[in-house]
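# Examining the three-dimensional arrangement
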Amino acid sequence: MPKISSELLSVLRCPVTGSPLVQEGEELVATAAAADGVKPRYAIEDGIPLLLPPELLAAATAAGSDQHDSDPAEGAIR
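### Some details on the sheet that holds strand β1 (residues 21–24)
Spatial strand order, β1-β2-β3-β4: four strands in an open sheet with antiparallel pairing. Edge positions in the sheet fall to β1 and β4 (48–49), since each of these pairs with one other strand and no more. Pairing analysis gives three bridges linking strand β2 (residues 27–30) to strand β3 (residues 41–45), with the strands arranged antiparallel. Counted as the bridge partner of valine 29 is arginine 41 from β3.

This is the structure in structure tokens:
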């Protein structure tokens, strides 16, 4: 399990609540609850925190997989 450095954690904030984040296992958890009363949780993949609200994470993951498999020159402006 990759440990996020204390220096990085000191500057990271939850994009939903604006509160600091703490690491719990393979996730970062907001220290304050969102409007629905639940503390948002964010996955850590390959040591990188994915700080997207849950409703946007699925769309970003789907879009990202399409972009990573293509030739970088295809997206270039000509």
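### Quick look at the pairing of β1
Along β1, the buried face is formed by Leu21 and Gln23; none of Val22 and Glu24, which line the opposite face, is buried. One ladder, built from four bridges, connects β1 with β2; its direction is antiparallel. Residue pairing for β2: leucine 21 is matched across the bridge by alanine 30. Between β1 and β2, which follow one another and run antiparallel, lie two residues, and glycine 25 among them has a positive phi close to 65°.

### Regarding the pairing of β3
Only one face of β3 is buried: it carries Tyr42 and Ile44, and the other face, with Arg41, Ala43 and Glu45, is open. As defined by bridge partners, β3 adjoins β4 across two bridges and the pair is classed as antiparallel. Residue pairing across strands places glutamate 45 opposite isoleucine 48, the latter belonging to β4. In this antiparallel pair of consecutive strands, β3 and β4, the connection spans two residues, and aspartate 46 shows a positive phi of 55°.

Each value, and the rule that gives it
- Here the residue numbers are simple positions, counted from 1 along each chain's written sequence.
- The model is predicted, so local features are restricted to residues of pLDDT at least 70 and side-chain atom pairs to those at 80 or more, both for listing and for counting; the totals for chains, interfaces and linings are taken over all residues.
- Derived side-chain values reflect all non-hydrogen atoms in the structure, with water molecules and hydrogen atoms excluded from consideration.
- When DSSP finds two or more bridges between two strands, those strands count as paired.
- Where helices and strands are cited, they refer to DSSP runs of H or I of at least four residues and of E of at least two residues respectively, numbered from the N terminus.
- Each residue is placed in one exposure class: buried if its accessible area under a 1.4 Å probe, protein chains only, is under 20% of its type's maximum, exposed if it is over 50%, and partly exposed if it falls in between.

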